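Spelled out, the chains give:
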Amino acid sequence: MDAIDLLLREHEMIRRMVDVLEQYIARVDSGVEQGRHELVLLVTFFREYVDLSHHEKEESILIPALVRAGMSWDSGPIEQVRKEHNLERYLTQALRHASLQAKTWSVHDRKHLVDVARSFLEFLRNHMTKEEELLFPAMRERLSAEALEDLTRRLRRFEEAREASGDAEITRRLAEELLERFAPESGT
Ligand SMILES: [Fe+2]
Ligand SMILES: [Fe+2]
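Residues numbered from 1 in each chain as written. Chains lettered and ligands numbered in written order. Predicted model: local features only at pLDDT ≥ 70, side-chain atom pairs only at ≥ 80, totals over all residues.

Draft legend 1. Up close: the overall build of the protein. For the protein, the count of helices and strands is 6 helices and 0 strands. Listing each helix as α and each strand as β along the protein from the N terminus yields α-α-α-α-α-α. Against the compact-globule benchmark of 16 Å for 188 residues, the protein has a radius of gyration of 18 Å, which places it among compact chains. Along the longest, intermediate and shortest principal axes, the C-alpha atoms of the protein span 55 × 35 × 30 Å. Counting the 188 residues in the protein, one finds 24% classified as buried. Summarising the internal contacts of the protein: among those between residues at least 6 apart in sequence, 81% fall at separations of at least 24. (Helix = DSSP H or I, 4+ residues; strand = E, 2+ residues; numbered from the N terminus. Rg over C-alpha atoms; globule rule 2.2 N^0.38 Å. Buried ≥ 20, exposed ≤ 12 C-beta atoms within 10 Å, placed from the backbone. Contact = placed C-beta atoms within 7 Å.)

Here is the structure:
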């Protein structure tokens, strides 16, 4: 499994959790869901797994490798992806605030949460598709076999550190718990 497969596998995991968030939000929108517990778990997952791990790998390992191979840091696809990571952090923060609100959600709070969450879902799906169409193919096109191997090694090392710290286990458990509660009808 090389760097591209590793990152694609993470996108797969993120998409599953985006689907879970979509289901949760549909319940909030229809007034069925009153609880915030799942939202806290989801936000924790998106912060820990997407921001602090996946995007960190893209920003501190993948993008520098592509820049070394001649891609521009401050224009084109890399600039777009970097800007999108900032927007993703902002949207995650907005969801986090909703999840931490102590008082019961008003109709307005609920609508605001649904709007923010739907923007987040759509944004994240488009972001991953963009990376798969623009950024990931550049790994094969621009990186030498050695550079791709080095990239794969660095990504693995990052993951080993997450395993050693226990962070990887935390996000795995969060994902398992959420997937159990929101099992997709098709079953995976
Ligand atoms: Fe990304
Ligand atoms: Fe990504």
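Draft legend 2. Representation of the nonpolar core in the model. Of all hydrophobic cores here, the largest spans 24 residues; its most connected members are M17, L21, Y24, L42 and F45. Only α1 (3-29), α2 (37-68), α3 (76-100) and α4 (107-142) provide two or more residues apiece to this core. Beyond its immediate chain neighbours, meaning those up to four positions away, Y24 contacts E33, E38, L39, L42 and F182. Formed by 13 residues, the second largest nonpolar core is a distinct cluster that contains L62, V81, L135 and L155. (Core = buried A, V, L, I, M, F, W, Y, C linked by C-beta atoms within 7 Å.)

Draft legend 3. Just the packing of α1 against α2, in detail. It is at 11 Å that the axes of α1 and α2 come closest, and there the two elements cross at 155°. Relative to α2, α1 is oriented roughly antiparallel. As α1 packs across α2, the resulting crossing turns out to be left-handed. When α1 is examined against α2, the residues E10, I14, M17, V20, L21 and Y24 are found in contact with a partner set consisting of E38, L39, L42, F45, V50 and H54. Grouping the amino acids of the contact of α1 with α2 by side-chain chemistry returns 9 nonpolar, 1 polar and 2 charged. (Axes fitted to C-alpha atoms, helices over the stretch in contact; angles between N-to-C directions. Parallel < 35°, antiparallel > 145°, perpendicular 65-115°, else oblique. Left-handed = near helix turned anticlockwise from the far one by under 90°. Nonpolar A, V, L, I, M, F, W, Y, C, P; charged D, E, K, R; others polar.)

Draft legend 4. Structural view of the environment of K57. The topology assignment puts K57 in helix α2. The buried category is assigned to K57, around which 21 C-beta atoms lie within 10 Å. Considered as a pair, K57 and R154 are 97 residues apart in the sequence and their alpha carbons are 8.9 Å apart.

Draft legend 5. Structural context of α3. Taking 1.5 Å of rise per residue, the 25 residues of α3 would be expected to cover 36 Å, and the 37 Å separating its terminal C-alpha atoms lies within 8% of that figure. Turning to α3, its buried residues are I78, V81, L95 and A98. Where α3 is buried, its residues meet α2 and α4. (Expected span 1.5 Å × (residues − 1).)

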